[in-house]
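Chain residues, written in single-letter form:
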Amino acid sequence: KDKLFAAHGHSIRALKKKGKEFFAFDTALTEPIRQLYVENPRIYAACQYTINGFEVTGSKVDQKGYFMSNDRINSMCPLEGVGEGEGSLVTAIGCDDRYIRLVEGSKQVAQCKTTAPVSVVERLKASSNYQEKG
């Protein structure tokens, strides 16, 4: 709640409220991290063409998923509670080639064509009042 996670280059750092670092991880990724999402104990990192899922257990960090996209990734949205099996890592990515892709672990499981490059993907909260079209 009172913690901040930040990425710079290939590294992820976390600070407590008063500025003390409590977590540091060098990812060994080949591209700089452009987007970061943290949902304890998981960390999702998106680069220009790849997404990576990590799981933190104590001081140990394990890579749980890696996916290389066909085109530039503009937006990433992890989808907790979606997928086959307990602990699956499902992520929605919006790409420059006009596709939204769903990735589970290291495999693309679905895609949807859009009319323009996707700039943002975001999960709709269950408590929203939006109605489905049709």
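Counting restarts for each chain: residues are numbered from 1 in the order of the written sequence. Reporting of local features is limited, given that this is a predicted model, to residues whose pLDDT is at least 70; pairs of side-chain atoms are given and counted only at 80 or more, and all residues count toward the totals for whole chains, interfaces and linings. Side-chain measures were taken over the full set of non-hydrogen atoms in the model, leaving aside hydrogen atoms and water.

**Student:** Would you take a moment to explain the overall build of the protein chain for this structure?
**Tutor:** Scanning the protein chain from N- to C-terminus turns up zero helices and 11 strands. Helix and strand assignments come from DSSP, with helices taken as H or I runs of at least 4 residues and strands as E runs of at least 2, each series counted from the N terminus. Each helix and strand of the protein chain, placed in order from N terminus to C terminus, yields the pattern β-β-β-β-β-β-β-β-β-β-β. Taking all 134 residues of the protein chain together, 34% fall into the buried category. The long-range share in the protein chain, meaning contacts at least 24 apart out of those at least 6 apart in sequence, stands at 31%. Three exposure classes are used, based on accessible area relative to the maximum for each residue type with a 1.4 Å probe and protein chains only: buried under 20%, partly exposed in between, and exposed over 50%. Residue contacts are defined here by distance: any two heavy atoms, one from each residue, within 4.5 Å place the two residues in contact.

**Student:** How do you make sense of the nonpolar core when you look at a structure like this?
**Tutor:** What tends to happen in soluble globular proteins is that the nonpolar side chains get buried as a cluster. By nonpolar core is meant a set of buried Ala, Val, Leu, Ile, Met, Phe, Trp, Tyr and Cys residues that side-chain atoms within 4.5 Å join together. If you look at the biggest cluster of nonpolar residues, it comprises 12 residues: Ile12, Ala14, Phe23, Phe25, Leu29, Ile33, Ile43, Ala45, Cys47, Phe54, Val56 and Val61. Secondary-structure elements contributing two or more residues to this core are strand 2 (11–16), strand 3 (21–26), strand 5 (42–46) and strand 6 (50–57). The contact partners of Leu29, leaving out residues within four places of it in the chain, are His10, Cys47, Asn52 and Phe54. In this structure, Ala46, Ile51, Ile73 and Ile93 belong to the second largest nonpolar core, which totals 10 residues.

**Student:** Any chance you could explain the pattern of salt bridges here in plain terms?
**Tutor:** Close approach of charged atoms allows side chains of opposite charge to pair. Basic side-chain nitrogens of Lys or Arg form a salt bridge, by our definition, when they fall within 4 Å of a carboxyl oxygen of Asp or Glu. Scanning the entire structure with this criterion turns up six salt bridges. Close ionic contact of Glu55 with Arg42 constitutes a salt bridge, the shortest N to O distance being 3.4 Å. With Glu55 in strand 6 and Arg42 in strand 5, the pair connects residues that are 13 residues apart, well separated along the chain. Linked by salt bridges that have partners in common, Arg13, Glu21 and Asp26 make up one network.

**Student:** Could you clarify how one ought to interpret empty space enclosed by the protein in this entry?
**Tutor:** Sizing a probe to match a water molecule and rolling it over the atoms shows the empty space that remains. For each structure, a 1 Å grid was placed over the protein atoms alone; sets of points admitting a 1.4 Å probe that cannot get out are labelled cavities, open sets with protein on both sides within 12 Å along at least five of seven lines are labelled pockets, and lining residues have an atom within 4 Å of a point. Grid points are joined across faces, edges and corners, and a volume is the space filled by probe spheres set on the points. Counting across every chain of the model gives one cavity of 30 Å³ or more. In this structure, the largest cavity encloses a volume near 80 Å³. Together, Tyr44, Ile51, Asn52, Gly53, Gly65, Tyr66, Phe67, Met76, Leu89, Thr91, Val103 and Gly105 line the largest cavity. Counting residues per element, the ones that place at least two in the lining of the largest cavity are strand 6 and strand 7 (60–68).

**Student:** Hey, could you run me through the packing of aromatic side chains in this one?
**Tutor:** What describes a pair of aromatic rings is the distance from one ring centre to the other and the angle between the planes of the rings. Any two rings among Phe, Tyr and Trp, with Trp reduced to its six-membered ring, count as a pair given centres within 6.5 Å; such a pair is stacked if its planes are under 30 degrees apart, edge-to-face if over 60, and tilted if neither. Across all of its chains, the model carries four aromatic pairs by this definition. Ring centres of Phe5 and Phe22 lie 5.9 Å apart, and the angle between their planes is 90°; on these two criteria the pair is classed as edge-to-face. Linking Phe5 in strand 1 (residues 3–8) with Phe22 in strand 3, this pair joins segments that are 17 residues apart in sequence. The class of Phe5 is partly exposed, set by a relative accessible area of 27%. Centre to centre, the rings of Phe25 and Phe54 are 5.2 Å apart; their planes meet at 75°, and the pair counts as edge-to-face.

**Student:** Sorry if this is basic, but what is going on with the side chain of Thr91 here?
**Tutor:** Looking at the element boundaries, Thr91 is found in strand 9 (residues 90–95). With relative accessibility at 5%, the residue Thr91 sits in the buried group. In this structure Thr91 touches Tyr44, Ile51, Met76, Cys77, Pro78, Leu79, Arg101, Leu102 and Val103, once residues within four positions along its chain are discounted.

**Student:** Looking at this model, I keep getting lost on the sheet that holds strand 3. Mind explaining?
**Tutor:** Within a sheet, neighbouring strands are paired by backbone hydrogen bonds and run either parallel or antiparallel to one another. Here, a strand pair is defined by DSSP locating no fewer than two bridges between the strands. Strand order in the open sheet formed by three strands is 1-2-3, with antiparallel pairing between adjacent strands. Edge strands, defined here as strands with exactly one partner in the open sheet, are strand 1 and strand 3. Each neighbouring strand pair of the sheet contributes to a mean axis angle of 15°, computed without reference to strand direction. Pairing analysis gives five bridges linking strand 2 to strand 3, with the strands arranged antiparallel. Note that in strand 3 the partner of Ile12 across the bridge is Phe25. To obtain each axis, a line is fitted to C-alpha atoms, and for helices this fit is confined to the stretch in contact; angles are then taken between N-to-C directions over 0 to 180 degrees.

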